[in-house]
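Structural overview for review
Read off the chains here:
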Amino acid sequence: MNTNTKTVAFVNLKGGVGKTTSAIGTAEALTRLGRTVTVRDADPSGAATLWAHKAESAGRPLPFPVEVVNRFTVAAPAEEEWVLIDTPPLQTDLVEAAVDAADLVLLVTTTGPIDLERMLETIRQINKPSSVLLTQTRYGTRSLRHAEEFLAENGLAHCRETIPYKEAMRLASDEGRFPSASGYGLIARELSDAFAA
């Protein structure tokens, strides 16, 4: 057991915002930084587990384990330096268990107004250090400006970097690898810096 394990839960009670992609992408980026990582799949749909299976089938296995957990096992001790938890939408008991297990909650959301409002509802229910991660962003757009204004108006901490929209990102789970410049390398460094501070 590693007593210095850093645990990050990727959360939003709305689906389709990029939680699984963000957990897998960040885990991959952390391994490139030389960190040991495990991803815990707390989503009954098994999206992260399916991703690992497809990567293995494509001949490009993920460089970290993905383990299925439930609300009783999500907080189990780990050997790795980092534990990243992929959470489901809607199932609040699983989300609460993941949040309780986490040192930091990353609230994953797109720039869409409905996604931002659902994220705000979620963050109000969390009593843990948290930060917002914007995904599927397009630089120079009104929606990104609106999202940045929304975060500022609500006093929400957020990652300096955002994850840009890339069509190749949607195929990443089938192809077993991320496109270059996915943005997760910068997120991994930002997380590493935050925990080192």
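Right above here is the structure, for reference.
The notes below deal with the structure included here. Numbering of residues begins from 1 in every chain and follows the order in which that chain's sequence is written. Predicted model: local features are reported for residues with pLDDT of at least 70 only, side-chain atom pairs are reported and counted for 80 or more only, and whole-chain, interface and lining totals are derived from all residues. With hydrogens and water excluded, all non-hydrogen atoms of the structure serve as input to the side-chain values.

With that settled, the discussion passes to the side chain of aspartate 115. The helix count covers DSSP runs of H or I at least four residues long, the strand count covers runs of E at least two residues long, and both are numbered beginning at the N terminus. As for its placement among the helices and strands, aspartate 115 is situated in helix α4 (residues 113-123). Residue aspartate 115 is classed as buried on the basis of its relative accessible area, which comes to 9%. Leaving out residues up to four positions away in the same chain, aspartate 115 has contacts with Asn12, Lys14, Val17, Thr109 and Thr110. Here's how the labels work: a residue is buried when its accessible area is under 20% of the maximum for its type, exposed when over 50%, partly exposed in between, all with a 1.4 Å probe on protein chains only. It only takes one pair of heavy atoms within 4.5 Å for two residues to be counted as in contact.

Looking now at the sheet that holds strand β5 (residues 104-109). Across the sheet, which stays open at both edges, the 6 strands sit in the order β3-β2-β4-β1-β5-β6 with parallel pairing between neighbours. Of all strands in the sheet, those bounded by a partner on one side alone are β3 (66-68) and β6 (130-134). For this sheet, the mean inter-axis angle between neighbouring strands, taken without regard to orientation, is 25°. Should DSSP find at least two bridges between two strands, the strands are taken to pair. Summarising the sheet, strand β2 (residues 37-41) and strand β4 (residues 82-86) pair through 5 bridges and their orientation is parallel. Opposite aspartate 41, over in β4, you have aspartate 86 as the bridge partner. Where helices are involved, their axes are fitted lines through C-alpha atoms of the stretch in contact, as for all axes, and angles between N-to-C directions lie from 0 to 180°.

So, on to the pairing of β6. Burial runs high along β6: 4 of the 5 residues are buried. Two elements, β5 and β6, share 5 bridges in a ladder whose sense is parallel. Within the sheet, the bridge partner assigned to threonine 109 lies in β6 and is leucine 134. Seen with its strands pointing away from the viewer, a crossover is right-handed if its path from the first strand over the helix to the second goes clockwise. One crossover worth recording links β5 to the parallel β6 by way of α4, and it is right-handed.

By the criterion of burial, β2 is predominantly enclosed, with 5 of the 5 residues buried. Note: β2 against β3, 3 bridges, orientation parallel. Along β3, the bridge assignment pairs arginine 40 with glutamate 67. Regarding the hand of the β-α-β motif, the stretch spanning β2, helix α2 (residues 47-57) and β3 is right-handed.

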